[in-house]
Amino acid sequence: MNAPDLDLDLVRCFLAVVESRSFTSASRQLNLSQSAVSLKIQRLEATLGQRVFVRQTRSIALTPEGELVLLYAHRLLDLGQEMLKQVAHSQVQGMLRLGVIQQLDQQFLPNLLRQFKRQHPNVGLTVEAGMTVDLLRALEEDRFDLVLGAAGHAPRSGQNKYAYVEHRVLLREPAVWVQSSSSDLDLTKEMLPLILFPAPCGLRKIVLERLEKRARPWQVVYSSASLASIQTAVQADLGISALARSAVLPGMKIISGAGLPPLPDAAITLYSRKTPYDSLARSLTEFIAAALTRWHADRSPKTRTSGQQNLRKPMGRRARSAA
């Protein structure tokens, strides 16, 4: 004989009674009458062919069979929610164009794309990495739908049909001075050798302004729009650089002191259209926000430091641009 179907609504009612420890409290929680709650429990017991509660004068207790039902109840409801969520994701379809700064392209993006495609198999996603200023120019030219870039960039023209806004800050972390972990550079010398992104990189502008304020002589000895190239130059001990903390690699160390000025936080921001964007873009926005938070939380320091150990800062004041 076939087993009867199990109604998840009855399981939900059962959990409400267990967690509130009374039929009366469960009825208020479920916005049902007490008799309706009792009826649902009776239907559950009829389906199972077993009693799940021992009703006492002022309290209730689970029977051994009720204890067994409790073991499965949360899992059943969680599986039901997961199924609904996965079915909803599978119905999302279309094409999205995403621009990403290189810092995320190297470390974060491959896993992001794999996870997104797994959850949204009917969505096409094209990605291009570059510097924030170039990505935002492309966003204004309608070549991207969303851009993950450094904070602090204003649109060139608010009247542009495709003008963008800083939709939300997704990640904030310190910018740090770095050099080769086996560096032979003497940073007390007159001329400070710098490895920087080219203008109009926001962090480059801040670095040079702060060195000027300290009357610290400097020379840009190496410049590249490629993060990988900047990192390689630092590891090769061609000079020192200023990078977001997550861009520090093995073979590099963080510089503390040496008369260098403090650096601002670097923030990763999602840029989107000024006009409301569609549900597909919203799905990607929420997915990126959650994935980026997990990625940053899971990262553990792998490089040597010559000072500060407390490298992460809480999200607070607005950060300046990093790239």
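Relevant structure appears above.
1. Notes on the overall build of the protein chain
Across its full length, the protein chain carries 10 helices and 12 strands. For the protein chain, with 323 residues in total, the buried portion stands at 45%. For the protein chain, the computed accessible surface area is about 17,200 Å², with 51% contributed by carbon and sulfur atoms.

2. Quick notes on a nonpolar patch on the surface
On the surface, L6, L8, L48, L68, L71, Y72 and L76 cluster together into a nonpolar patch covering about 610 Å² of accessible area. Following the sequence through the fold, L71 ends up in helix 4 (residues 64–91).

3. With respect to the packing of helix 2 (residues 23–30) against helix 3 (residues 34–48)
Running from N to C, helix 2 and helix 3 point in directions that differ by 100°, and their axes come no closer than 8 Å. Considered as vectors, helix 2 and helix 3 are oriented roughly perpendicular to each other. Within the contact between the two elements, helix 2 uses F23, T24, A26, S27 and L30 and helix 3 uses Q34, V37, S38 and I41. Its residues placed into classes, the contact of helix 2 with helix 3 shows 5 nonpolar, 4 polar and no charged.

4. Re the environment of D265
Tracing the backbone through its elements, the reader meets D265 in strand 11 (residues 265–273). When the C-alpha atoms of D265 and A244 are compared, they prove to be 8.0 Å apart, with 21 residues separating the residues in sequence.

5. Quick word on empty space enclosed by the protein
All told, the structure shown has 2 cavities of 30 Å³ or more when counted by the stated rule. By volume, the second largest cavity is sized at about 30 Å³. The wall of the second largest cavity is formed by L196, F197, C201, L203, R204, V207, S241 and A242. Listing elements by their share of the lining of the second largest cavity, those giving two or more residues are helix 8 (202–213) and strand 9 (240–244). Looking at which element gives the most residues to the lining of the second largest cavity, the answer is helix 8, with 3 residues.

6. As for the pattern of salt bridges
Considering all chains together, one arrives at 10 salt bridges under this definition. Here R55 ties to E45 by a salt bridge, and the two come within 3.8 Å at their closest N and O atoms. Taken together, the positions of R55 in strand 1 (residues 53–55) and E45 in helix 3 put the pair 10 residues apart, joining distant regions of the chain. Under the relative-accessibility criterion, R55 is labelled partly exposed at 36%. With a relative accessible area of 9%, E45 lands in the buried category.

Procedures and definitions
- Here the residue numbering is sequential within each chain, running from 1 through the sequence in written order.
- Given that the model is predicted, a residue must reach a pLDDT of at least 70 before its local features are reported, and side-chain atom pairs must reach 80 or more before they are shown or counted; all residues, however, enter totals for whole chains, interfaces and linings.
- Processing note: side-chain calculations cover all non-hydrogen atoms of the structure and skip hydrogens and water entirely.
- In this description a helix means any DSSP run of H or I spanning at least four residues, a strand means any run of E spanning at least two, and both kinds are numbered starting from the N terminus.
- Using a 1.4 Å probe on the protein chains alone, a residue whose accessible area is under 20% of its type maximum counts as buried, one over 50% counts as exposed, and one in between counts as partly exposed.
- Under the convention used here, a 1.4 Å probe and the Shrake-Rupley method define accessible areas, while residue burial counts only the protein chains that appear.
- Nonpolar side chains (Val, Leu, Ile, Met, Phe, Trp, Tyr) are joined into patches within 5 Å and like charges within 9 Å, using only residues with over 30% relative accessible area and no salt bridge.
- A side-chain nitrogen of Lys or Arg and a carboxyl oxygen of Asp or Glu constitute a salt bridge if their distance falls within 4 Å.
- Helix axes use the C-alpha atoms of the stretch in contact, all axes being lines fitted to C-alpha atoms, and the angles between their N-to-C directions lie in the range 0 to 180 degrees.
- If an angle is under 35 degrees, it is roughly parallel; if it is over 145, roughly antiparallel; if it lies from 65 to 115, roughly perpendicular; otherwise it is oblique.
- Here a residue-residue contact requires only that any non-hydrogen atoms of the pair lie within 4.5 Å.
- Gly is put with the polar residues, along with every residue not named as nonpolar or charged; the nonpolar set is Ala, Val, Leu, Ile, Met, Phe, Trp, Tyr, Cys and Pro, and the charged set is Asp, Glu, Lys and Arg.
- Grid points spaced at 1 Å and placed over the protein atoms alone form the basis of the search, with a cavity being a set where a 1.4 Å probe fits but cannot get out and a pocket an open set showing protein on both sides within 12 Å along at least five of seven lines. Lining residues have an atom within 4 Å of a point.
- Grid points are joined across faces, edges and corners, and a volume is the space filled by probe spheres set on the points.

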